[in-house]
Amino acid sequence: MYAQFFGNYLLSRNIVTRDQLIQAMHKKSSTQIRLGTLAIHAGYMTANEVDRVIILQTHQDKRFGEIAISEGYMTEMQVAELLSEQKPDFLLLGQALVEDGIIDNEQLQNLIIDYQSENELEAFEYSSETMDAIDHMVEKFFVLAERSLSQHEVSFFRLLLNNLVRFIGDDFTLVPPSLCKEYPTNYCVSQKVNGSFSVSPYLDMPKSTCIDFASRYVGDTFTEFDEYVQASVEDFLNLHNGLFTVNMSNDFSIELTLDPPTVEDADLLTFEDETYLLPIVYPFGTLYFLIALHNTH
């Protein structure tokens, strides 16, 4: 669950470029976690020790764990523990960056320590996508953009992340949100939520990205941008907003209504209300959410 936030952490500190991150995200989905990476994360081995074992492997026909045990870096019990326990998925992203030569193992070791400390990940189980964890990360995420959230806004963005994980996949990276006054569209769908908390979410992406998005959403394979792909993009936005109105009714006794989804024909959108651009980077492309907040109370 935390790979997407780790990617944002790296981007915000200029450790990787967006292109490097996207390439690593592609690689992450098809790579296997290495024992050395797990050992660094667990604190059983230092980066220098891992590098030494990797060098020894080039001269010995032995597994990493066998050499680490023989060199006294880990016990058999520790190796067995690392092989059997739940693997934090953000480690795969870090490992992919090491394999691409963007960072080395020593940098990865320091990043793991700093990232976990800053985000207080020790308080949450890596295998649990709890609402409290998502609340924490959403609030912290928007603090980076110097924007605190109301409880209604937290509910909206928390649900958005949950719906992306549930319907599209958890292999995304959040790019820091930014205020947006105008935006050049690709294929863009919008829908207004009306009531005492009024918001207009927009979902924009290139047509090629729409095809992969729809394939994931529907669980089928689309090969061209057609009416089924368009309907899938509209349906995701409508589903998210519909669930949000239900949550607002159940949690806050606030009744909201929805306008029908609209395909934006304009090549350039302009906004007068407070509007945030929130890019979501997937291996297959980037989704651009624009959230126009008409009422922030």
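Calculation rules
The numbers attached to residues start from 1 for each chain and follow its sequence in the written order. In keeping with the model being predicted, local features are shown solely for residues with a pLDDT of at least 70 and side-chain atom pairs are shown and tallied solely at 80 or more, while totals for entire chains, interfaces and linings include all residues. With hydrogens and water set aside, each side-chain value is computed from the structure's full complement of heavy atoms. Salt bridges are defined as contacts in which a side-chain nitrogen from Lys or Arg sits within 4 Å of a carboxyl oxygen from Asp or Glu. Secondary structure elements are defined from DSSP: runs of H or I of at least 4 residues count as helices, runs of E of at least 2 residues count as strands, and each element is numbered from the N terminus. Partly exposed residues are those whose accessible area sits between 20% and 50% of the maximum for their type, while under 20% is buried and over 50% is exposed, using a 1.4 Å probe and protein chains only. What makes a nonpolar core is a set of buried Ala, Val, Leu, Ile, Met, Phe, Trp, Tyr and Cys residues whose side-chain atoms join them at distances within 4.5 Å. Contacts are assigned to residue pairs with any non-hydrogen atoms lying within 4.5 Å of each other. Orientation is described by lines fitted to C-alpha atoms, with helices fitted over the stretch in contact, and by angles between N-to-C directions that extend from 0 to 180 degrees. By definition in this entry, angles of less than 35 degrees are roughly parallel, angles greater than 145 are roughly antiparallel, angles of 65 to 115 are roughly perpendicular, and the rest are oblique. Note on pairing: DSSP must find at least two bridges between two strands before they are called paired. Every residue is assigned a pLDDT by the predictor, reflecting its confidence on a scale from 0 to 100. When we speak of the arc, we mean the arc of directions from the helix axis to the C-beta atoms. Think of it this way: a Phe, Tyr or Trp ring, Trp meaning its six-membered ring, pairs with another when their centres are within 6.5 Å, and the plane angle makes it stacked under 30 degrees, edge-to-face over 60, tilted otherwise.

Let's shift gears to the pattern of salt bridges. Per the counting criterion, the structure on display carries three salt bridges. Of the charged contacts in the structure, one is a salt bridge between D171 and R216, with a shortest N-O distance of 2.8 Å. A residue pair is termed long-range when its members are at least 10 positions apart, and D171 in the loop between α10 (151–167) and β1 (173–174) and R216 in helix α11 (residues 207–218) qualify at 45 residues. Under the relative-accessibility criterion, D171 is labelled buried at 11%. The exposure class assigned to R216 is partly exposed, which follows from its relative accessible area of 31%.

Counting residues in each nonpolar core, the largest one holds 43 residues, and the members touching the most others are L164, L203, F213, I280, L287 and F289. Put simply, the parts of the chain that give this core at least two residues each are α10, β4 (187–190), β6 (199–205), α11, α12 (227–252), β10 (274–282) and β11 (285–293). Per element, the largest residue contribution to this core is eight residues, and it comes from α10. Setting aside anything within four residues of it in sequence, one finds L164 in contact with G169, F172, F236, I280, Y282, L287 and F289. Within the second largest apolar cluster, 36 residues are counted, among which are F64, L82, A96 and I103.

Now for the packing of helix α3 (residues 35–42) against helix α6 (residues 76–84). Two elements in contact, α3 and α6, have axes separated by 10 Å at closest approach and are oriented at 105°. Classified by the angle between their axes, α3 and α6 sit roughly perpendicular to one another. Touching L35, L38, A39 and A42 of α3 are V79, L82 and L83, all from α6.

Another aspect to go through is unusual backbone geometry. The phi torsion at N14 lies on the positive side, around 55°, for a residue other than glycine. Note on placement: N14 falls in the loop between α1 (3–12) and α2 (18–28). Phi is positive for S253, close to 55°, though the residue is something other than glycine. Note that S253 resides in the loop between α12 and β7 (257–258).

With seven of seven residues buried, β6 is to be regarded as a mostly interior element. The pairing of β4 with β6 spans four bridges and is antiparallel. The residue of β6 that forms the bridge with Y187 is M205.

Our next topic: the confidence of the model for the protein. Looking at the protein, the pLDDT average stands at 85 and 87% of residues meet or exceed 70. Residue range residues 121–130 is modelled with pLDDT below 50. Its contacts to residues more than four positions away, or to other chains, number 22 contacts.

Turning our attention to the environment of H240. For H240, the location among the structural elements is in helix α12. Placed 81 residues apart in sequence, H240 and L159 show a C-alpha to C-alpha distance of 7.5 Å. Leave out the neighbours within four places in its chain, and H240 touches F156, L159, L160 and N163.

Taken across its 10 residues, helix α7 (residues 90–99) has eight buried, putting it largely inside the fold. Turning to α7, its buried residues number three or more, namely F90, L91, L92, L93, G94, Q95, A96 and L97.

Let us now look at the environment of T221. Mapped onto the fold, T221 is located in the loop between α11 and α12. Taking the C-alpha atoms as reference, T221 lies 8.4 Å from I211; in sequence the two are 10 residues apart.

A few words on α2. Listing the buried residues of α2 in full gives L21, A24, M25 and K28. In a view along the axis of α2, the buried residues occupy a sector of 105°, so they form one face of it.

The way to describe two aromatic rings as a pair is by their centre distance and the angle between their planes. Scanning the entire structure with this criterion turns up 12 aromatic pairs. Measuring from centroid to centroid gives 5.1 Å for F156 and F244, while their planes differ by 85°, and the two rings are edge-to-face. With F156 in helix α10 and F244 in helix α12, this pair connects stretches of sequence that are 88 residues apart. Classification of F244 as buried rests on a relative accessible area of 0%. Between Y282 and F284, the ring centres sit 5.0 Å apart and the planes meet at 15°, which makes this aromatic pair stacked. Residue classification places Y282 among the buried residues on the basis of a relative accessible area of 0%.

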